[in-house]
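# Report on the structure
Single-letter residue listing:
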Amino acid sequence: MLGRRIQLAVAALIACLWLLPDLSHAQTPTQGLVAQGTAEAPPPVLPDNLTPELVDSLLAELTDDQVRRLLRNELQRQAEEGSAEVATEMTSIADLTRRLDEMLATIGARITRWIDALSRIEERQDRVAERIALGSGGAVGIALSMGCLVLAGFGAGIFVARLLRPWRERIADYARSSDTGGYWEVLARAAVLIVVDLLPIAAFSVVTTFATRLLSGSLGPLLDYGWIYQAGVTNGWAFLVLITRAFSPDFPKVRLASVNDASASAVVRLGRQVVTVAVSGWLIGGLSPTLGFGFPPAMVIVGSTGVIVALILIAAVLRNRHAIVGTVSGFLPTPNPEIAAPWQRTVSLAAPFAALLYILIAATYWLLHWLESGQLYLQGPASTLLVLLSLPLFDRLGSEAAAAMTRRATQRALRFRSALIRLWRLFLAIIGIGVITRLWGFNFWDLAHGTGAPEWRAAALNILYAFLSAWAAWQLIRAALWHERRQSTGAEEDDNSEVGGASRLDTLLPLFRVFLGIVILLTFVMYALSEAGLNIGPLLASAGIVGVAVGFGAQTLVRDIFSGIFFLIDDAFRVGEYIELEADLRGEVEAISIRSLQLRHHRGPVVTIPFGELKSVTNHNRDWVIYKMNFRMEPETDPKLVKKLVKRVGQEFLENPEHGHKFLEPLKSQGVYMVDDDSALVFRVKFKCKPRQQFVLRREIYHRLREVFAENEVNLARRKVEVVTTGGEDAPPGLPDEVIQPKAATPAA
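Residues numbered from 1 in each chain as written. Predicted model: local features only at pLDDT ≥ 70, side-chain atom pairs only at ≥ 80, totals over all residues. Heavy atoms only, no water.

### Remarks on the overall build of the chain
- A count of helical and extended segments in the chain gives 23 helices and twelve strands.
- Considering only intrachain contacts with a sequence separation of at least 6, the fraction spanning at least 24 residues in the chain is 71%.
- When the accessible area of the chain is evaluated, it comes to approximately 43800 Å², of which 63% is carbon and sulfur surface. (Helix = DSSP H or I, 4+ residues; strand = E, 2+ residues; numbered from the N terminus. Contact = heavy atoms within 4.5 Å. Areas by Shrake-Rupley, 256 points an atom, 1.4 Å probe, with all protein chains shown as cover.)

Given below as structure tokens:
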């Protein structure tokens, strides 16, 4: 039943909102004003050419209310034309100074008149009595009618809010739950909550409009006040809803802005204070002209309200300056989140002072225009504040969109995400600056390319656009061709991990990145020089001639570059691979440039070798390695036993969790390789493994085979020298005919 009532209420509200424009066109609050129960005549049409006699005759025929309406329309037309003229005329400092002098002179004259009018406010009692007499029930009827109007509007809003309470409670339960889903689900929930909070405002507006029509006779002079009341309450209420839902201090889990709880509460609390003061001043000031007290009291009340709002904002900035510094520093890009750069600290510390300066300038701008023409001019000061408050919302929207486009947790995806966020923030900055400048009456494009604009402005703007485009392209190139410099040791072996070279693409990426960076830089420089008025044709021709001359004088450099190109095409080596150029020149490839490569020797030094000096390259990192080991055994060693022991050790290594995965083929014996002068048998064993793992495996295999041979009484042969002598008279007594002297007994491995 409750759901059915909600559907009916929403349908009624939508129907009322759809019919509201037609009703408002049918009869505006001003047209609904009646005098003594008689409807007013339609507004007269003024002829194009007026003469003094025609003016006198028109004044004699018009009623007082028609004269007031004509005067108001004419004043509004003059104010609009004056504001447009000011916007088009202020193109230089001299024009701005002249405009400021005229404004101050007008304000001085108006303030003098206001002081005089306020000092004689009691003389307007008759005018106030006439205005109150327009109501059918007098002053009491006007007050009661206005009370009924207020109760009807807010009652409708409260009624709709109560109908929508189940929806709001459901969203509140979702916001309090531990699992709120992703950002897009949060965004959808926040949008629904905004709609739920805006529907009571729509009900208030619709009911207030209908109630104003129904109470038009008893409202009397306050019929014209109806749109003032409705606009003030509706706009203030809607602003509070939007700012509350954006920062959401009550439901942090559906908060759209990327701020903490304290900052969110402070912003919403400040918004309520500002809206309360502004709407109160607007409503109180609007009573003065409608009741007959004239415009001077309204001008003073609204102007004082603006000053109070500015003071509230200034006090809020001073009170929350540390929070502002922290919030701004959180939005600034930084390569190291733990250490802020000097410019970032400077910008963050200057943010509160910039906010104070903006509030002072905006308040002064608004107050001067209000005192001069009675126009609010809120599109500059207030709209700029709204744009700045919305930047955190759009920043998070772009960040979440970038995260959704790069869901993978790889390094490349993270780099692309960072690049996209930086580009989004650049786009936001450009759009924000453009919107703010247009709100203040400036247009950079017209300022640079408009009629009479100097050529240097257009050139400077085009160069700025080209620079931003080049920067954006470079950010994407860096993300796509990013390469982390390897920290190589240059060692032949690594006991802890497998050592492998980079892929061919990773080897070529730094060269591609440098090449594209040079192309972008040269393109931007040429474009900038062209926009600056320089003829780049002769420059390009001179560059070609100089290039030919340099080519003849730098043949070695050209040879190195072309040799490097063909080495890379042949894929002879990559970054991270262990190569050998000569017997004493080997190491790990640490870096490759356009003309040379850098080798990290296993003792630490880095050797830079031009490509043109490379003759042959031995690469120890490709595909597989077959390593052979020789063992010198005693002549009586059984080859079958050796083969059996080697096979057993090979099986042990294959099952070893640390070394088994390094083998491509198991350890095996090749039998007797050679006989060493009848004093030893040389056995050879071999294994096939991954590149650069042979150095670790040979050590472990040698140690294990020695243990197994010793356990099975298979002895390694010693190198020995045999001396044969013949006995004689001169021989010392006790000396045998043969002496066996051991010598260097370690076999070759």
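### A short note on the nonpolar core
- Counting 25 residues, the largest nonpolar core has Met629, Phe631, Phe687, Ile701 and Phe709 as its most contacted members.
- Looking at this core, the elements with two or more residues in it are β8 (625-633), α22 (639-655), β9 (663-676), β10 (680-689) and α23 (694-711).
- Of all the elements, α23 adds the most residues to this core, at six residues.
- Excluding residues that lie within four positions of it along the chain, phenylalanine 709 makes contacts with Phe631, Met633, Val642, Leu645, Val646, Val714 and Leu716. (Core = buried A, V, L, I, M, F, W, Y, C linked by side-chain atoms within 4.5 Å. Buried < 20%, exposed > 50% of the residue type's maximum accessible area, 1.4 Å probe, protein only.)

### Let's talk about the sheet that holds strand β4 (residues 585-592)
- Pairing within the open sheet is antiparallel, and its five strands lie in the order β6-β5-β4-β3-β7. In this open sheet, the two edge strands, each paired with only one partner strand, are β6 (606-610) and β7 (618-619).
- Where strand β3 (residues 578-582) meets β4, four bridges bridge the pair, whose relative direction is antiparallel. Residue pairing in the sheet places glutamate 580 in a bridge with arginine 586 of β4. (Pairing = 2+ DSSP bridges.)

### Describing the packing of helix α8 (residues 183-214) against helix α10 (residues 225-247)
- Two numbers describe how α8 lies on α10: the axes approach to 10 Å, and their chain directions differ by 175°. When the axis of α8 is compared with that of α10, the two are roughly antiparallel. Residues Leu193, Ile194, Asp197, Leu198, Pro200, Ile201, Phe204, Ser205, Thr208 and Thr209 of α8 form the contact with α10, whose own contacting residues are Tyr229, Gln230, Val233, Thr234, Trp237, Ala238, Val241, Leu242 and Arg245.
- Grouping the amino acids of the contact of α8 with α10 by side-chain chemistry returns twelve nonpolar, five polar and two charged. (Axes fitted to C-alpha atoms, helices over the stretch in contact; angles between N-to-C directions. Parallel < 35°, antiparallel > 145°, perpendicular 65-115°, else oblique. Nonpolar A, V, L, I, M, F, W, Y, C, P; charged D, E, K, R; others polar.)

### Observations concerning the pattern of salt bridges
- Throughout the structure, instances matching the rule amount to ten salt bridges.
- Between aspartate 116 and arginine 120 there is a salt bridge whose closest N-O contact spans 2.6 Å.
- Members of the salt-bridge network, linked through shared partners, are Asp116, Arg120 and Glu123. (Salt bridge = Lys/Arg side-chain N within 4 Å of Asp/Glu carboxyl O.)

### Notes on the sheet that holds β10
- Taking strand neighbours across the sheet as the criterion, the three strands line up as β8-β10-β9 in an open arrangement whose pairing is antiparallel. Two strands bound the open sheet, and with one partner strand each, they are β8 and β9. The average angle at which neighbouring strand axes cross in this sheet is 20°, direction not considered.
- Where β8 and β10 come together, nine bridges link them in antiparallel fashion. Directly across from isoleucine 626, in β10, lies its bridge partner lysine 688.

### A few points about helix α15 (residues 381-405)
- Between its first and last C-alpha atoms α15 spans 36 Å; for 25 residues at 1.5 Å apiece the expected length is 36 Å, and the two agree.
- Looking at α15, one finds that the buried residues are Pro381, Thr384, Val387, Ser390, Pro392, Asp395, Arg396, Gly398, Ser399 and Ala402. (Expected span 1.5 Å × (residues − 1).)

### A short note on the environment of alanine 351
- Residue position: alanine 351 is located in helix α14 (residues 342-373).
- Here alanine 351 falls in the buried class, since its relative accessible area comes to 16%.
- For the pair alanine 351 and histidine 322, spaced 29 residues apart in the sequence, the C-alpha separation amounts to 9.9 Å.
- Residues in contact with alanine 351, not counting those within four places in the same chain, are Ile324 and Val328.

### Observations concerning the confidence of the model for the chain
- Overall, the predicted model of the chain reaches an average pLDDT of 75, with 74% of residues at or above 70.
- Note that pLDDT drops below 50 for residues 84-91; the model gives that stretch six contacts with residues more than four away or on any other chain.
- Below pLDDT 50 for its whole length, residues 494-502 participates in 27 contacts with residues either more than four positions away or in separate chains. (pLDDT = per-residue confidence, 0-100.)

### Overview of the side chain of serine 669
- You can see serine 669 is positioned in strand β9.
- Given a relative accessible area of 15%, serine 669 falls into the buried group.
- Here glycine 671 takes part through its backbone nitrogen, which lies 3.2 Å from a polar atom of the side chain of serine 669.
- Setting aside anything within four residues of it in sequence, one finds serine 669 in contact with Lys643, Val646, Arg684 and Val685. (Polar contact = N/O pair within 3.5 Å; in protein donor to acceptor, adjacent residues only side chain to side chain.)

### Looking at the environment of leucine 311
- Take leucine 311: it is sitting in helix α12 (residues 295-319).
- Overall, the relative accessible area of 53% leaves leucine 311 in the exposed class.
- For the pair leucine 311 and alanine 363, spaced 52 residues apart in the sequence, the C-alpha separation amounts to 9.5 Å.

### Brief notes about unusual backbone geometry
- Unlike most non-glycine residues, serine 248 shows phi in positive territory, near 40°.
- Looking at the secondary structure, you find serine 248 in the loop between α10 and α11 (261-291).
- Phi at glutamate 713 is positive, roughly 55°, even though this residue is not glycine.
- Here glutamate 713 shows up in the loop between α23 and β11 (720-724).

### Details of the packing of α14 against α15
- Two elements in contact, α14 and α15, have axes whose closest approach is 9 Å; the angle formed by their N-to-C orientations is 150°. Here α14 lies roughly antiparallel to α15, going by the angle between them. Along the contact surface, α14 presents Tyr358, Ala362, Tyr365 and Trp366, while α15 presents Pro381, Thr384 and Leu385.
- Within the contact of α14 with α15, the residues separate by chemical class into six nonpolar, one polar and no charged.

### Side note on a nonpolar patch on the surface
- Taken together, the side chains of Val558, Phe562, Ile565, Phe566 and Ile569 present a nonpolar region at the surface, about 480 Å² in accessible area.
- Relative to the elements of secondary structure, phenylalanine 562 occurs in helix α21 (residues 555-569). (Patch = residues over 30% accessible without salt bridge, like charges linked within 9 Å, V, L, I, M, F, W, Y side chains within 5 Å.)

### A closer look at helix α6 (residues 138-163)
- If you check α6, its first and last C-alpha atoms are 37 Å apart, about what 26 residues at 1.5 Å a residue would give, namely 38 Å.
- What α6 keeps buried is the set Gly141, Ile142, Ser145, Met146, Leu149, Gly153, Ala156, Gly157, Val160 and Leu163.

### Points about the packing of aromatic side chains
- On inspection of all chains with the given rule, the structure shows 13 aromatic pairs.
- Judged by centre distance (6.2 Å) and plane angle (0°), the rings of tryptophan 366 and tryptophan 370 are stacked. One end of the pair is tryptophan 366 and the other is tryptophan 370, both in helix α14 and four residues apart, which spans about a single turn.
- With relative accessibility at 7%, the residue tryptophan 370 sits in the buried group.
- An angle of 65° between the planes, with centres 5.8 Å apart, marks the rings of phenylalanine 663 and phenylalanine 687 as edge-to-face. (Phe/Tyr/Trp six-rings, centres within 6.5 Å; stacked < 30°, edge-to-face > 60°.)

### A word on the pairing of strand β5 (residues 596-600)
- Of the pairings in the sheet, the one linking β4 to β5 comprises four bridges and is antiparallel in character. In the strand pairing of β5, isoleucine 592 is matched with leucine 597.
- Between β4 and the antiparallel strand that follows it, β5, lie three residues.
- In this structure, β5 lies alongside β6, joined through five bridges in antiparallel fashion. By the bridge assignment for β6, leucine 599 is matched with valine 607.
- Hairpin connection from β5 to β6: five residues lie between these consecutive antiparallel strands, with glycine 604 at a positive phi of about 120°.

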